[in-house]
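Each chain is listed here by its residues.
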Amino acid sequence: MHKDSDRAAALALTPVSRETESRLDRYVQLLQQWQAKINLVAPSTLPKLWTRHIADSLQLLALAPSAKVWVDLGSGGGLPGVVLACALANTPGARLYLVERNAKKAAFLREAVRVTGAPGMVYAQGIEDIVDSIKGPVDCVTARALAPLNQLVGFAEPLVKQGAKALFLKGQDVEVELTEATKYWSIQASLVPSLTRPSGAIVVVRGLEPLYACKTGSNVRPTDR
């Protein structure tokens, strides 16, 4: 698919303002420049970068239309965190916490926030080091291509217990992952079909409690996108 038609297809799926389109154009250009130096997204997905990554991230907004404060775990190349920040740039009080322990990816995130003017704050720390220290209410916590669901809910538990909604983008194995997670967690969750991947879904978690007194997934590192 030609990049212009891919962009048009993505924006037809997830319409945004012209100003947001401009911010996203700058972000995509930067991502393509840095992709030559570090692996931010899977190279095979570059021809469909807008539909595969941008629209995939933007679809989360409809699941939390009033959310202003977001925490993106394992932000990597800024998906979905920077994309969401671009869309929320003109929303009063909007704030995106981008958590990424990899120093090179954290540097990219800082540059992406600078270039787009998006309301993002980059934390170059491990997830277990930052989640407990975030002050104030958080509306949503997100993750994409980070870890199995069983471990994601372990990462997000402190925020969900404080009232945050968790939105996890998952692929075709989502049902298997959810079944595995319920062996360790009592989860109030629903699955929303993905707009961009027929076999994928967004796991929406509104509440959870551990079934066992253990720390789940604290040593898992983010995977490459």
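Scroll up to find the structure.
Residues numbered from 1 in each chain as written. Predicted model: local features only at pLDDT ≥ 70, side-chain atom pairs only at ≥ 80, totals over all residues. Heavy atoms only, no water.

Visitor: Can you walk me through the packing of aromatic side chains in this structure?
Guide: Each aromatic ring pair is summarised here by two numbers: the centre-to-centre distance and the angle between the ring planes. Enumeration over the complete set of coordinates arrives at 3 aromatic pairs. A ring pair is formed by Y97 and Y123, whose centres lie 5.7 Å apart and whose planes are at 35 degrees; its orientation type is tilted. With Y97 in strand β2 (residues 95–99) and Y123 in strand β3 (residues 120–123), this pair connects stretches of sequence that are 26 residues apart. On the basis of relative accessible area, Y123 is assigned to the partly exposed category, the value being 21%. (Phe/Tyr/Trp six-rings, centres within 6.5 Å; stacked < 30°, edge-to-face > 60°. Helix = DSSP H or I, 4+ residues; strand = E, 2+ residues; numbered from the N terminus. Buried < 20%, exposed > 50% of the residue type's maximum accessible area, 1.4 Å probe, protein only.)

Visitor: Quick question: what am I supposed to make of the side chain of D72 here?
Guide: Within the secondary structure, D72 sits in strand β1 (residues 69–73). Polar side-chain contacts of D72 include one of 3.0 Å to the backbone nitrogen of G81. At 2.8 Å, the side chain of D72 and the side chain of T142 are in polar contact. In this structure D72 touches L79, P80, G81, Y97, L98, V99, T142 and A143, once residues within four positions along its chain are discounted. (Polar contact = N/O pair within 3.5 Å; in protein donor to acceptor, adjacent residues only side chain to side chain. Contact = heavy atoms within 4.5 Å.)

Visitor: Honestly, helix α5 (residues 103–116) in this entry has me stumped. Any pointers?
Guide: Along an α-helix, residues three or four positions apart point the same way, because every turn accommodates 3.6 residues. Under the 1.5 Å per step criterion, the end-to-end length of α5 is 20 Å for 14 residues, consistent within 8% with the ideal 20 Å. What α5 keeps buried is the set K105, A106, F108, L109, A112, V113 and T116. Considered in projection along α5, the buried side chains sweep an arc of 155 degrees and stay on one side of the axis. More than 90 degrees from the buried face of α5, the exposed residues found are A103, K104 and R114. Next to the buried residues of α5 lie α2 (18–35), α4 (81–87), β2 and β3. Where α5 begins, the side chain of N102 points an oxygen toward the backbone nitrogen of K104, at a separation of 3.1 Å. Among the residues trailing α5, G117 stands out with phi positive, at a value near 70 degrees. (Expected span 1.5 Å × (residues − 1). Arc of directions from axis to C-beta.)

Visitor: Got a minute to help me understand the pattern of salt bridges in this structure?
Guide: Oppositely charged side chains may form a pair once their charged atoms are brought near each other. Tallying each qualifying case throughout the model produces 9 salt bridges. The salt bridge partner of R114 is E111, with a shortest N-O separation of 2.7 Å. Of this pair, R114 and E111 both sit in helix α5, separated by 3 residues, roughly a single helical turn. Residue E111 is classed as partly exposed on the basis of its relative accessible area of 23%. Residue K170 is joined to E177 by a salt bridge in which the shortest nitrogen-to-oxygen separation is 2.9 Å. Each of R7, E21 and D25 takes part in salt bridges that share partners, so that together they form one network. (Salt bridge = Lys/Arg side-chain N within 4 Å of Asp/Glu carboxyl O.)

Visitor: Where do I start with the pairing of β2 in this structure?
Guide: For a regular strand, the rule is simple: side chains alternate between the two faces of the sheet. With respect to burial, β2 is a largely interior element, 4 of its 5 residues being buried. Both β1 and β2 contribute to a ladder of 5 bridges, which runs parallel. Bridge pairing in β2 places V69 opposite R95. Once the chain exits β1 it traverses α4 before rejoining the sheet at β2, and the crossover so formed is right-handed. Of the pairings in the sheet, the one linking β2 to β3 comprises 4 bridges and is parallel in character. Counted as the bridge partner of Y97 is M121 from β3. (Pairing = 2+ DSSP bridges. Right-handed = clockwise from strand over helix to strand, strands pointing away.)

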